[in-house]
Amino acid sequence: MTDLSTPQRITPASVELEIGGMTCASCASRVEKALAKVPGVSRASVNLATEKATIETGPEVAAESLVAAVTQAGYEATPVAREVAELAIGGMTCASCSARVEKALAKVPGVASVSVNLATEKATVSFRESVSTDQLVAAVEKAGYEATPVIEATVATENATAGGSATAARPRDTTRRELYAVLVSALLTLPLIVPMVGEWFGTHAMMPGALQLALASVVQFVFGARFYRAAYRAVRAGAGNMDLLVALGTSAAYGISVYQLLTNSGDAAHLYFEASAVVITLVRFGKWLEARAKRQTTDAIRALNALRPDRARVRVGTEEREVPLAQVQVGTVVIVRPGERVPVDGAVIEGRTHIDESLITGESLPVAKQRDDAVTAGSINGEGVIAIVTNAIGAETTLARIIRLVESAQAEKAPIQRLVDRVSAIFVPVILVIGVLTVGGWLLAGAGFETAILNAVAVLVIACPCALGLATPAAIMAGTGVAARHGVLIKDAEALETAHRVNIVAFDKTGTLTVGQPSVTAFEAIDLPHDEAFALAAAVQRHSDHPLARAIMAAYAQLPAGPGNVPSSSARAVPGRGVEAEVEGRRLAIGSARWLAERAIVVPDAFTQRAQQLEAEGNTVSWLMSVDAPGTALALIAFGDTVKPTAKEAIARLKQMGIHSVLVTGDNRGSAAAVAAALGIDEFHAEVLPDDKARVIRDLKIRTTGIVAMAGDGINDAPALAAADIGIAMATGTDVAMQAAGITLMRGDPALVADAIDISRRTWRKIQQNLFWAFFYNLIGILLAAFGLLNPMLAGAAMAFSSVSVVTNALLLRAWRGTK
């Protein structure tokens, strides 16, 4: 059964060791076993090829104890000290750019891993302590790009809001400047296009060559300067990128026109200034559209950041004082008035209210809060004034953790992106070769030099690999962003890619499919009216704080007739038996069948059989009895863990999606069978110990050869979550479960399991659509251009459209609504 005790705040740590002395697979296995035996180690993985071990431990496990375990096994071990830095990369324009930055950073000695995201224009670098960020920045600059360390604010300070606004404003300002440049470039290009269009309708009104040269030169060398600068940096670094292709293509068209203008006069000069000007204008227009669309993919992060208040109202003695949030400490009492955002994570100690948690959990309805209920930073207080005691601030708040998780997922690369990166790395050199072959082919075919050059220009312009670089990250950013808004947090891109192939979901029972706390499942009176017997039971339990007492009081409050106040007194608990009280002059008790038997109270056979049936279904049965001699049984009360309202619908939806559901629980067989039958689950495993849950998951993977997901919420679910292909944890559960899972559900709603798989499937389809479009679009476009069927202007428009279409297609994911 899932642990219902107070959640333990345990954060697993990941330690990496360099292992020396291994020579074969049995060595790796021996090291793995030695590490697994260290108390506190939850998982150890040893890679013989890299000679490294990755160990997941609790925070109490010291690296020295791991090294000692490896040494005792006969091998050498050295801890790998790791730091992570994030760099904002400037100057990237296509997939080959991001691949080149990645290679440059990976070459820095001491760098362990690098991930560069073209869509977010950021690089995440993991490195040893001996590496400085200055070295990383220098490596990027040497490769021809710009790099700035990103300093992550872990605590909201007094100027956090202003800083956040400034940060958000910078991309907007850049986009606005880009739009102005596009508009001016278009105004200068328009006079070059209009006469050409007029030619199609028989109107001959070409501008003087000198005026065409003047207009085209401004566009080419002022508004096209960014392409020359980036191309120069790429060439200096010994590589190529989109800017090089555009610079070469437009320079060729511009150069031919200048040559024709100088060597011919009057109408004899065939000028192509409009081609170079239009390509530059269209490419910049496409980049503006792309930047604008990419900004929308980060809406989820901006919305979450906007939830961070910068000040809090704290109680100091009998006074209330407004202070910067940075001054609030754990244990501080914070006052939240109606309509205000909750500034910290904490627990209510005074007042009642409703809290709107929709932007954090995806829950559309406000949630009632009273004493001892948890509240989350960023949520909005409803109608009541509440006092909360702070238990988490800054980087430790749920909101901060959500933001880090979403940012991490958006920065990660999906496994399929590695294939795209390999293709992008050789794309530009291949295109340059195709451009040269196009010139040579047309010259050999007897075409003029101008025709050959213009067709090569079209090849260079249409072949921009921007769409390839944006296809995967744009879809991942949009998918993870919309999922976060609906209460589904996806840890990384690999989890997203795995989840779309899930065909089996194994569910824990308590706290996942069921509420996780007892409720009255049956109340059957014996020789008394139902409501009268229930009123007596409520009177006995009115002064008790036991979970079963709370269940009786909650059920009694739901009676259609409304609760009545039957007075009671002299209540006392009888250890191991139950509770008794004086009610209306009688001594009444609620207790176990054992207590009933000790008092020799006879129960009608029908109720005895009913009690056995309820117990077989996993319920706990108590009896309401009069303990005054001779003693009488007044009612049968059954307690059980009720199924969550959305559980049945969730299982049905998974079945519609072609996904098989399995119940895996530590509860007794009767309880498991009852829940499985109620929800329509065909297969269940009962009385399973925590370690055996992982074994059941592994057996499912072997038996079905499918992708198995595990959904759970407790500490005892963590091994199974880790053993599954993809773990899905309820955020209402423990930190250990969430750390072991690839997906976290911010509400304890099993319907979100289907939502998580659905959004991953939709995101994966977008990735496939984008890659198909990017690959085949480029392939067809290059062929058309090489065979002279695409002039440079159309190639420029098509190239701009390809990038924008990929990002726009990804943004369609924002329309996903999920389950409310």
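Reading the values: rules and limits
Residues numbered from 1 in each chain as written. Predicted model: local features only at pLDDT ≥ 70, side-chain atom pairs only at ≥ 80, totals over all residues. Heavy atoms only, no water. Helix = DSSP H or I, 4+ residues; strand = E, 2+ residues; numbered from the N terminus. Buried < 20%, exposed > 50% of the residue type's maximum accessible area, 1.4 Å probe, protein only. Contact = heavy atoms within 4.5 Å. Areas by Shrake-Rupley, 256 points an atom, 1.4 Å probe, with all protein chains shown as cover. Phe/Tyr/Trp six-rings, centres within 6.5 Å; stacked < 30°, edge-to-face > 60°. Lys NZ or Arg CZ within 6 Å of the ring centre and 35° of its normal. Core = buried A, V, L, I, M, F, W, Y, C linked by side-chain atoms within 4.5 Å. Salt bridge = Lys/Arg side-chain N within 4 Å of Asp/Glu carboxyl O. Axes fitted to C-alpha atoms, helices over the stretch in contact; angles between N-to-C directions. Parallel < 35°, antiparallel > 145°, perpendicular 65-115°, else oblique. Nonpolar A, V, L, I, M, F, W, Y, C, P; charged D, E, K, R; others polar. Pairing = 2+ DSSP bridges. pLDDT = per-residue confidence, 0-100. Expected span 1.5 Å × (residues − 1). Patch = residues over 30% accessible without salt bridge, like charges linked within 9 Å, V, L, I, M, F, W, Y side chains within 5 Å. UniProt positions renumbered as here; feature names shortened; annotations may be inferred.

### Topic: the overall build of the protein
The secondary structure content of the protein amounts to 27 helices and 30 strands. The burial tally for the protein puts 51% of its 820 residues in the buried class. Of the contacts formed within the protein by residues at least 6 apart in sequence, a portion of 69% connects residues at least 24 apart. When the accessible area of the protein is evaluated, it comes to approximately 36,100 Å², of which 57% is carbon and sulfur surface.

### Some remarks on unusual backbone geometry
Although it is not a glycine, Asp372 adopts a positive phi angle of roughly 80°. Looking at the secondary structure, you find Asp372 in the loop between strand E14 (367-369) and strand E15 (374-375). Despite not being glycine, Ala600 shows a phi value in the positive range, around 55°. Inspection of the secondary structure puts Ala600 in the loop between helix H19 (593-598) and helix H20 (605-616). Classification of Ala600 as exposed rests on a relative accessible area of 59%.

### Topic: the packing of aromatic side chains
In the structure shown here, the tally under the stated rule is five aromatic pairs. Judged by centre distance (5.6 Å) and plane angle (65°), the rings of Tyr254 and Phe273 are edge-to-face. Separated by 19 residues along the polypeptide, Tyr254 in helix H8 (residues 242-263) and Phe273 in helix H9 (residues 273-297) bring together distant segments of the chain. A relative accessible area of 12% means that Tyr254 is categorised as buried. A network of ring pairs unites the aromatic residues Phe221, Tyr228, Tyr254 and Phe273 as a single cluster. Lying over the aromatic face of Phe227, Arg226 brings its terminal NZ or CZ to 5.5 Å of the ring centre.

### Here's the deal with the nonpolar core
Formed by 78 residues in total, the largest nonpolar core has its most connected members in Leu136 and Val505. The residues touching Val505, leaving out its near neighbours within four places in the chain, are Leu654, Ile659, His660, Ser661, Val662, Ala709, Ala711, Val753 and Ile757. Core analysis: the next-biggest nonpolar cluster, separate from the first, contains 46 residues, Met207, Val278, Val459 and Ala786 among them.

### Focus on the pattern of salt bridges
This model, assessed by the stated rule, comprises 21 salt bridges. Of the charged contacts in the structure, one is a salt bridge between Glu683 and Arg703, with a shortest N-O distance of 2.6 Å. With a gap of 20 residues between them, Glu683 in strand E27 (residues 683-685) and Arg703 in helix H23 (residues 690-704) connect regions that are remote in the sequence. For Glu683, a relative accessible area of 17% translates into the label buried. If you follow the salt bridges from partner to partner, you end up with Arg311, Arg313, Glu322 and Glu340 in one network.

### Regarding the packing of helix H6 (residues 209-223) against helix H7 (residues 225-236)
Relative to each other, H6 and H7 sit at 45°, their axes nearing to 4 Å. Here H7 runs oblique to H6, going by the angle between their axes. Residues Gln220, Phe221, Val222 and Phe223 of H6 pack against Ala225, Arg226, Phe227 and Tyr228 of H7. Its residues assigned to classes, the contact of H6 with H7 comprises six nonpolar, one polar and one charged.

### Things to note about the pairing of strand E24 (residues 620-626)
The side chains of a regular strand alternate, residue by residue, between the two faces of the sheet. For E24, a buried count of six out of seven residues is recorded, marking the element as mostly surrounded by other parts of the structure. Here strand E23 (residues 586-591) runs beside E24; their pairing, made up of four bridges, is antiparallel. Within E24, the position partnered with Leu588 by the bridge is Ser626. Relative to strand E25 (residues 632-643), E24 runs antiparallel, the two being bridged by seven bridges. Bridge pairing links Leu624 to Ala635 in E25. With antiparallel pairing between neighbouring strands as the criterion, E24 and E25 make up a hairpin whose turn holds five residues, including Gly631 at a positive phi of roughly 90°.

### Things to note about the sheet that holds E23
Strands belonging to one sheet form pairs held by backbone hydrogen bonds; the direction of such a pair is parallel or antiparallel. Strand order in the open sheet formed by six strands is E20-E25-E24-E23-E22-E21, with antiparallel pairing between adjacent strands. Two strands bound the open sheet, and with one partner strand each, they are strand E20 (514-525) and strand E21 (568-574). Each neighbouring strand pair of the sheet contributes to a mean axis angle of 20°, computed without reference to strand direction. Where strand E22 (residues 578-583) meets E23, six bridges bridge the pair, whose relative direction is antiparallel. By the bridge assignment for E23, Glu582 is matched with Arg587. The strands touched by helix H18 (residues 547-557) are E20, E23 and E25; relative to E20, the strand with the most contacts, the crossing angle is about 65°.

### As for the confidence of the model for the protein
Counting all residues, the mean pLDDT for the protein is 79, and 81% of those residues have values of 70 or more. Low pLDDT, under 50, characterises residues 1-12; the stretch is placed with 26 contacts to residues that sit more than four places away or in other chains. Contacts for the low-pLDDT stretch residues 152-168, under 50 throughout, to residues beyond four places or in other chains number 18 contacts.

### A word on helix H17 (residues 530-541)
Compared with the 16 Å implied by 1.5 Å per residue over twelve residues, the 17 Å span of H17 between its first and last C-alpha is a close match. For H17, the tally of buried residues reaches nine of twelve residues, placing the bulk of the element in the interior. Taken as a whole, H17 has its buried residues at Ala533, Phe534, Ala535, Leu536, Ala537, Ala538, Ala539, Val540 and Gln541.

### Concerning a nonpolar patch on the surface
On the surface, Phe772, Phe776, Leu779, Ile780, Leu783, Leu784, Phe787 and Leu789 cluster together into a nonpolar patch covering about 830 Å² of accessible area. Structurally, Phe776 can be placed in helix H26 (residues 751-786).

### Brief notes about the sheet that holds strand E28 (residues 707-712)
Taking strand neighbours across the sheet as the criterion, the seven strands line up as E18-E30-E29-E28-E19-E26-E27 in an open arrangement whose pairing is mixed. Two strands bound the open sheet, and with one partner strand each, they are strand E18 (488-490) and E27. Averaged over all adjacent pairs, the angle separating strand axes in this sheet is 20°, with direction ignored. Two elements, strand E29 (residues 726-730) and strand E30 (residues 743-745), share three bridges in a ladder whose sense is parallel. Bridge pairing in E30 places Met730 opposite Leu745. Its contacts with the sheet put helix H22 (residues 669-679) on strand E26 (660-664) and E27, and the angle it makes with E27 is roughly 155°.

### Comments concerning the packing of helix H14 (residues 449-462) against H26
Helix packing for two helices is described by the angle between their axes and how far apart those axes are. In contact at an axis separation of 8 Å, H14 and H26 are set at 170° when each is read in the N-to-C sense. By the angle between their directions, the pair H14 and H26 is classed as roughly antiparallel. Along its contact with H14, which presents Asn455, Ala458, Val459 and Ile462, the element H26 presents Tyr777, Asn778, Gly781, Ile782, Ala785 and Ala786. Across the contact of H14 with H26, the residue classes break down as seven nonpolar, three polar and no charged.

### So, the UniProt feature "transmembrane region" (unreviewed entry) in the protein
With numbering aligned to this structure, UniProt lists the feature "transmembrane region" (unreviewed entry) at residues 179-198, 210-228, 240-262, 268-286, 423-445, 451-476, 771-790 and 796-816. Secondary structure within residues 210-228 divides into 95% helix and 0% strand; the distance between the first and last C-alpha atoms comes to 23 Å.

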